Amino acid sequence: MLIVTSNEIPGHRIDAVFGEVMGLTVRSRDIGSQMLAGFRSLGGGELPEMTRALYESRQEVMARMVNEAQQRGANAIVAMRFDTSEMGTNWTEVCAYGTAVYVLPLGEGEPGATGQSVYLTKTASQPGQGQQAPQQGQQQPAQPTHPAPQAPPHQF
């Protein structure tokens, strides 16, 4: 799954848009970690317990967002963002969201193609990569099409 914070992916064409996808978690802070972090904050510097909790929360919401995008048939997410907020004194909400899309890499000679996209189109048409090489006189196979859109999951 290709995930970018930009609205477009250089060297790729967006072929289908499946809509917004997100991953969400609400975490309560461990009282022991909270007390230890409170003592550490007196001296300044990083609070490793809180850093670890936030890192794990972000990984979790990213996985949930990717899962939702894959269920819809997407192979990329554009305009991805994180959002965090405090809920009360002990709860933190972490959300990852973006737009699920299906992208196709641009081939050599196409406007906007990049070295990476040209490489991807060439390796996709190589024998042993899921497609057979065309015989002399045969046409190149058409670019892959995206799967049919699916209804969004009703999970929270």
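Here, residues in each chain are numbered from 1, in the same order as that chain's written sequence. Owing to the predicted nature of the model, reporting of local features is limited to residues with pLDDT of at least 70; listing and counting of side-chain atom pairs is limited to 80 or more, with chain, interface and lining totals taken over all residues. Excluded from the side-chain calculation are hydrogens and water; included are all heavy atoms of the structure.

Chemist: Go over a nonpolar patch on the surface with me, naming the residues and quoting the values.
Modeler: Patch rule: a residue counts if its relative accessible area is over 30% and it has no salt bridge; like charges are joined within 9 Å, and nonpolar side chains (Val, Leu, Ile, Met, Phe, Trp, Tyr) within 5 Å. In these tables, accessible area is a Shrake-Rupley quantity obtained with a 1.4 Å probe, and a residue counts as shielded only by the protein chains included in the view. Salt-bridge detection follows one rule: a side-chain nitrogen of Lys or Arg within 4 Å of a carboxyl oxygen of Asp or Glu. Taken together, the side chains of V26, M87 and W91 make up a nonpolar region of the molecular surface, amounting to roughly 290 Å² of accessible area. Within the element layout of this structure, W91 appears in strand 4 (residues 91-105). The way it works is that DSSP assigns letters per residue, a run of H or I at least four long becomes a helix, a run of E at least two long becomes a strand, and they are numbered from the N terminus.

Chemist: Describe the sheet that holds strand 1 (residues 2-3), with residues and values.
Modeler: Paired strands are those between which DSSP finds at least two bridges. Ordered by their spatial adjacency, four strands build an open sheet running 1-3-4-2, and the pairing between neighbours is mixed. The open sheet has two edge strands with one neighbour each: strand 1 and strand 2 (12-28). Note: strand 3 (residues 76-87) against strand 4, 10 bridges, orientation antiparallel. The partner of D83 across the bridge, within strand 4, is C95. By definition in these notes, contact holds between two residues if any of their heavy atoms fall within 4.5 Å. To define axes, lines are fitted to C-alpha atoms, for helices over the stretch in contact only, and angles between the resulting N-to-C directions are given on a 0 to 180 degree scale. Relative to strand 2, helix 2 (residues 48-72) is tilted by about 140°, and along the sheet it contacts strand 1, strand 2, strand 3 and strand 4.

Chemist: Break down the packing of aromatic side chains for me, citing the residues and quoting the values.
Modeler: When two rings of Phe, Tyr or Trp (its six-membered ring) have centres within 6.5 Å they constitute a pair, described as stacked for plane angles under 30 degrees, edge-to-face for angles over 60, and tilted for the intermediate range. With the rule as written, the count across this model stands at zero aromatic pairs. Here R58 stacks its cationic end above the ring of F82, 4.2 Å away from the centre of that ring. When the NZ atom of lysine or the CZ atom of arginine is within 6 Å of a ring's centre and also within 35 degrees of its normal, the charge is said to sit over that ring.

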